[in-house]
Every structure is written in C-alpha cells, then in structure tokens.
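Here are the chains, one letter per residue:
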Amino acid sequence: MTAPSPALSAPVEPGVSPSPLPSMRLRELVFGAACAAAVRAAARLGVADALGDAPMTVESLATAVRTEPKPLRRLLRALSCYGVFAERPDGTFAHTEMSRLLRVDDPNSLRDISLWCTEPWTWDAWPKLDQAVRTGRNVVEDLYGKEFFGYLNEDAPESADVFNRAMTTSSEQSARDVAALLDLSGSRSVADLGGGQGHVVACLLDKYPEMRGYLLDLPRVVGNALPRLREGGDLADRAHIVPGDIREAVPVEADVYVIKNILEWDDESTARLLRNVVEAGGPGARVVVIENLVDDTPSMRFSTAMDLLLLLNVGGAKHTTDSMTGRLRAAGLEVGEVQPVNPYLHAFDCRVPE
C-alpha cells in the first residue's frame with residue numbers, strides 16, 4: 001500500500017487547513033490580500049476584545065461589535081483557517097494564541113502593528129511592486145507627490161497615528177528583549193541613537209542603576225519621550241534627551257551606542273550615521289547594531305515582507321548578515337559576535353578599533 005504524503009497526513013492545529021498541493025498553495029497566496037484584510041477588519045471591529053475566555057455564538061459577538069451575524073461568521077471562518085480564532089463543532093468561536101494578540105489589553109498585542117501593515121496607503125502601493133523592482137525606487141512619491149513621512153504627517157494623520165502606536169508597541173516589546181540580552185557591565189554610559197520614545201534606554205537604565213543614558217532622535221520624536229526620562233520622572237536624573245538628526249551629527253560621547261532598526265535608509269545615510277558614531281565614540285567605544293535580517297532566520301517571511309514594504313514606501317532595505325557586516329566594517333568598525341535578540345531581531349556587537 002502506498003504511504004500517504006507527509007504534507008497531507010501530518011497532524012495540524014484544529015481549524016487550520018493542512019499544507020495543500022503546490023497548485024492549491026499558489027491559489028491561496030494570490031488571495032493573500034483577503035487574509036490581510038480579514039485580520040484588519042477583525043482588529044478594527046474589536047472582535048478579539050469582545051470575545052472573552054469562553055466561546056461565544058456569532059450572534060452574541062455580532063451584537064457586541066455591531067455587525068450583521070452572517071457576514072461576521074464568514075469573516076471568522078476565513079480567519080480560523082489560518083489559526084486566528086477557532087470555530088468549534090457547535091458553531092461557536094473561541095480564541096487561539098494568535099487571535100489573543102489582536103486584543104488591546106494583551107501584553108504582547110499586535111493589534112496596532114496589524115493595522116499599520118494594512119493601512120490604506122499599502123493597498124495603493126503593493127500593486128506597484130513591479131515598478132519598484134524595475135527602478136529600485138519607492139513608489140509613494142509618484143503616488144502622492146511627496147516623500148513618505150511628509151505624506152503621512154500632512155495628508156494621512158490617522159495613518160500617522162497608527163504608525164506611532166505601532167512603533168511604540170514594537171519598541172516596548174523588543175526593548176525588554178534587548179535589555180535582557182545586552183551585558184553592559186562596566187559601562188558608565190549608553191546612547192540610544194534614533195531611539196524614539198526611549199524604551200530601550202529606559203530598560204537599560206533599569207537594569208544598570210549606576211549607568212547614564214542618552215536618547216537621541218529628531219526633535220518632534222523626543223518631544224514625546226517617556227515621562228520616566230523627562231523632568232520629574234524616576235529616571236530623569238540619569239537620562240539626557242538630545243534632539244537632533246543623527247545622520248548629521250552624534251553630539252554625545254558614550255561607552256556604548258545602540259542603533260536599533262534605523263539602518264534601513266539609503267546606503268549614503270547609513271554610512272554617514274556610522275561614521276558619525278565612530279567619530280563620537282572614539283577608540284574602544286562599543287557599538288551594538290540591532291536589525292531584522294533577511295537571511296536564514298526564523299522570521300524570513302516577516303522580514304522579507306517588511307523589506308519589500310520598505311522598498312515601496314521609502315526606498316529602503318533590510319539587510320543580510322553579510323551586507324550588514326560589510327557596511328559596519330566599511331565604516332571602520334570591528335564586528336564581533338552576531339546573536340539573536342528574539343525570533344525577528346539580531347544584534348551585531350562591534351567596537352571602534354583602539
């Protein structure tokens with residue numbers, strides 16, 4: 001008797017379809033927009049927040065989120081195929097590990113990030129990916145007549161708010177992982193370059209009570225720094241907020257510089273920032289670069305998708321291990337250990353040569 005195909009016989013999570021044949025898988029992939037739109041709809045409707053610990057009927061959920069029951073069932077059934085919510089034999093729906101991540105109150109919530117990745121501008125930009133691949137340029141300037149962040153802040157303030165919330169959520173979650181990984185014993189000061197609201201530097205100051213910290217970012221960004229870092233905050237006596245453009249200058253001398261998720265611009269801007277860090281830190285300074293990688297990591301699908309989105313909106317790119325190492329060495333840094341921070345981030349531990 002012929003053995004069954006492993007792809008068709010492997011155990012699967014309840015409610016999630018087994019891996020299909022290539023022809024069926026391709027059909028699913030070209031309908032990927034439907035899955036993304038379904039996640040966005042569930043997030044905007046607040047379905048995950050309305051669904052408690054006990055399974056609920058579609059009728060009860062529909063009342064809670066003010067929708068019609070029949071189309072809501074269709075939405076939930078589509079999502080349950082991917083493990084987002086689970087349809088039970090009695091027709092009720094229950095949470096899964098993934099659907100709980102759409103709750104606002106979940107400590108690991110991905111609701112705002114899910115909204116950010118499916119904002120209206122993305123639906124304008126993705127169909128022009130072939131154009132971006134041909135030219136190597138972003139498509140946003142052709143679509144909206146201005147660079148991406150100018151468009152967000154001037155023409156799409158709701159999307160700008162979603163972006164800010166998503167970046168805050170992402171920073172909060174990854175900052176804990178960064179602080180847990182980094183051993184800064186013996187260092188007296190750390191500078192977080194392009195550090196947003198300061199989640200990383202706050203976590204590091206918590207971990208090392210004798211350390212001083214610097215937060216550097218654009219004035220409009222550090223103007224919203226964590227209250228803990230500002231005057232009257234519990235970390236204010238050890239935290240220094242430095243507004244400015246780090247691509248132009250890094251006006252802080254520190255033992256350690258952390259550069260997280262900002263080396264995604266064009267090559268010239270990346271090289272200029274790294275040169276600024278080398279000049280500011282001087283011989284012996286430690287530089288820790290933290291980035292998503294697009295080679296041989298557990299997050300390849302996620303990271304390569306972000307890489308393409310960066311191409312579309314700002315003309316940027318994620319890095320491979322080799323391309324990141326090459327840029328760091330070209331800036332005059334000695335590259336040491338490269339290690340995972342979590343499933344989607346890696347840390348490059350570097351030093352300015354003595």
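Residues numbered from 1 in each chain as written. Predicted model: local features only at pLDDT ≥ 70, side-chain atom pairs only at ≥ 80, totals over all residues. Heavy atoms only, no water.

1. A look at the sheet that holds strand S5 (residues 239-243)
Link 1 in the chain: Pairing in this open sheet of seven strands is mixed, and the strands run S5-S4-S3-S6-S7-S9-S8 from one edge to the other. Each edge of the open sheet is held by one strand with a lone partner, namely S5 and strand S8 (334-342). Put simply, the sheet's adjacent strands are angled 20° from each other on average, direction ignored.
Link 2 in the chain: Here S8 runs beside strand S9 (residues 345-351); their pairing, made up of six bridges, is antiparallel. Residue pairing in the sheet places Glu 334 in a bridge with Arg 351 of S9.
Link 3 in the chain: Contacts from helix H14 (residues 199-207) reach strand S3 (189-193), strand S4 (212-217), S5 and strand S6 (256-260), with the element oriented near 180° to S4. (Pairing = 2+ DSSP bridges. Helix = DSSP H or I, 4+ residues; strand = E, 2+ residues; numbered from the N terminus. Axes fitted to C-alpha atoms, helices over the stretch in contact; angles between N-to-C directions. Contact = heavy atoms within 4.5 Å.)

2. Examining the pairing of S9
Link 1 in the chain: Most of S9 sits inside the fold, with five of its seven residues counted as buried.
Link 2 in the chain: By the bridge criterion, six bridges tie strand S7 (residues 286-291) to S9 in an arrangement that is antiparallel. Opposite Arg 286, over in S9, you have Arg 351 as the bridge partner. (Buried < 20%, exposed > 50% of the residue type's maximum accessible area, 1.4 Å probe, protein only.)

3. Let's talk about the pattern of salt bridges
Link 1 in the chain: If you walk through the whole model with that rule in mind, you get 21 salt bridges.
Link 2 in the chain: We note a salt bridge from Arg 272 to Glu 268, for which the minimum N-O separation is 3.4 Å. Taken together, the positions of Arg 272 and Glu 268, both in helix H16 (residues 267-281) and four residues apart, correspond to about one turn of that helix.
Link 3 in the chain: Among the ionic contacts, a cluster of salt bridges with common partners joins Arg 73, Arg 77 and Glu 87. (Salt bridge = Lys/Arg side-chain N within 4 Å of Asp/Glu carboxyl O.)

4. Quick look at the confidence of the model for the chain
Link 1 in the chain: Of the residues in the chain, 95% have a pLDDT of 70 or more, and the chain-wide mean is 93.
Link 2 in the chain: Throughout residues 1-13 the model reports pLDDT below 50, and contacts reaching past four residues in sequence, or to other chains, amount to seven contacts. (pLDDT = per-residue confidence, 0-100.)

5. Let's talk about the nonpolar core
When a protein is soluble and globular, its nonpolar side chains tend to lie buried together.
Link 1 in the chain: Counting 39 residues, the largest nonpolar core has Leu 72, Leu 79, Phe 85, Trp 116, Trp 121 and Leu 152 as the members making the most contacts within it.
Link 2 in the chain: Contacts of Trp 121, omitting those with residues within four sequence positions, involve Trp 116, Tyr 144, Phe 148, Tyr 151, Leu 152, Ser 159, Leu 309 and Asn 313.
Link 3 in the chain: Counting residues in hydrophobic clusters, the runner-up holds 30 residues, among them Leu 216, Ala 254, Ala 280 and Ala 285. (Core = buried A, V, L, I, M, F, W, Y, C linked by side-chain atoms within 4.5 Å.)

6. Some details on the packing of aromatic side chains
Link 1 in the chain: Evaluation of the coordinates by the stated rule reveals eight aromatic pairs.
Link 2 in the chain: When the ring of Phe 302 is compared with that of Tyr 344, the centres are 6.1 Å apart and the planes differ by 85°; the resulting orientation is edge-to-face. Of this pair, Phe 302 sits in helix H17 (residues 300-313) while Tyr 344 sits in the loop between S8 and S9, and the two are 42 residues apart along the sequence.
Link 3 in the chain: The partly exposed category is assigned to Phe 302, whose relative accessible area is 38%.
Link 4 in the chain: Through a chain of ring-to-ring contacts, three or more aromatic side chains come together here, namely Trp 116, Trp 121, Phe 148, Phe 149 and Phe 163. (Phe/Tyr/Trp six-rings, centres within 6.5 Å; stacked < 30°, edge-to-face > 60°.)

7. Quick word on the environment of Glu 154
Link 1 in the chain: Structurally, Glu 154 is set in helix H12 (residues 148-155).
Link 2 in the chain: Among the polar contacts listed, one links the side chain of Glu 154 to the side chain of Lys 146, at a separation of 2.9 Å. (Polar contact = N/O pair within 3.5 Å; in protein donor to acceptor, adjacent residues only side chain to side chain.)

8. Some thoughts on the pairing of S6
Link 1 in the chain: Within S6, five of the five residues are buried, which leaves the element mostly enclosed by the surrounding structure.
Link 2 in the chain: Burial along S6 is two-sided: the face carrying Val 256, Val 258 and Lys 260 and the face carrying Tyr 257 and Ile 259 are both buried.
Link 3 in the chain: Here S3 runs beside S6; their pairing, made up of four bridges, is parallel. What sits directly across from Asp 192, in S6, is Val 258.

9. Observations regarding the packing of H12 against helix H13 (residues 157-181)
Link 1 in the chain: Running from amino to carboxyl end, H12 crosses H13 at an angle of 115°, the nearest separation of the two axes being 5 Å. The orientation of H12 with respect to H13, classified from their angle, is roughly perpendicular. Seen along the crossing, H12 lies across H13 with a hand that is left-handed. When H12 is examined against H13, the residues Phe 149, Leu 152, Asn 153 and Asp 155 are found in contact with a partner set consisting of Pro 157, Ser 159, Ala 160 and Phe 163.
Link 2 in the chain: A breakdown of the residues in the contact of H12 with H13 according to their chemical character gives five nonpolar, two polar and one charged. (Parallel < 35°, antiparallel > 145°, perpendicular 65-115°, else oblique. Left-handed = near helix turned anticlockwise from the far one by under 90°. Nonpolar A, V, L, I, M, F, W, Y, C, P; charged D, E, K, R; others polar.)

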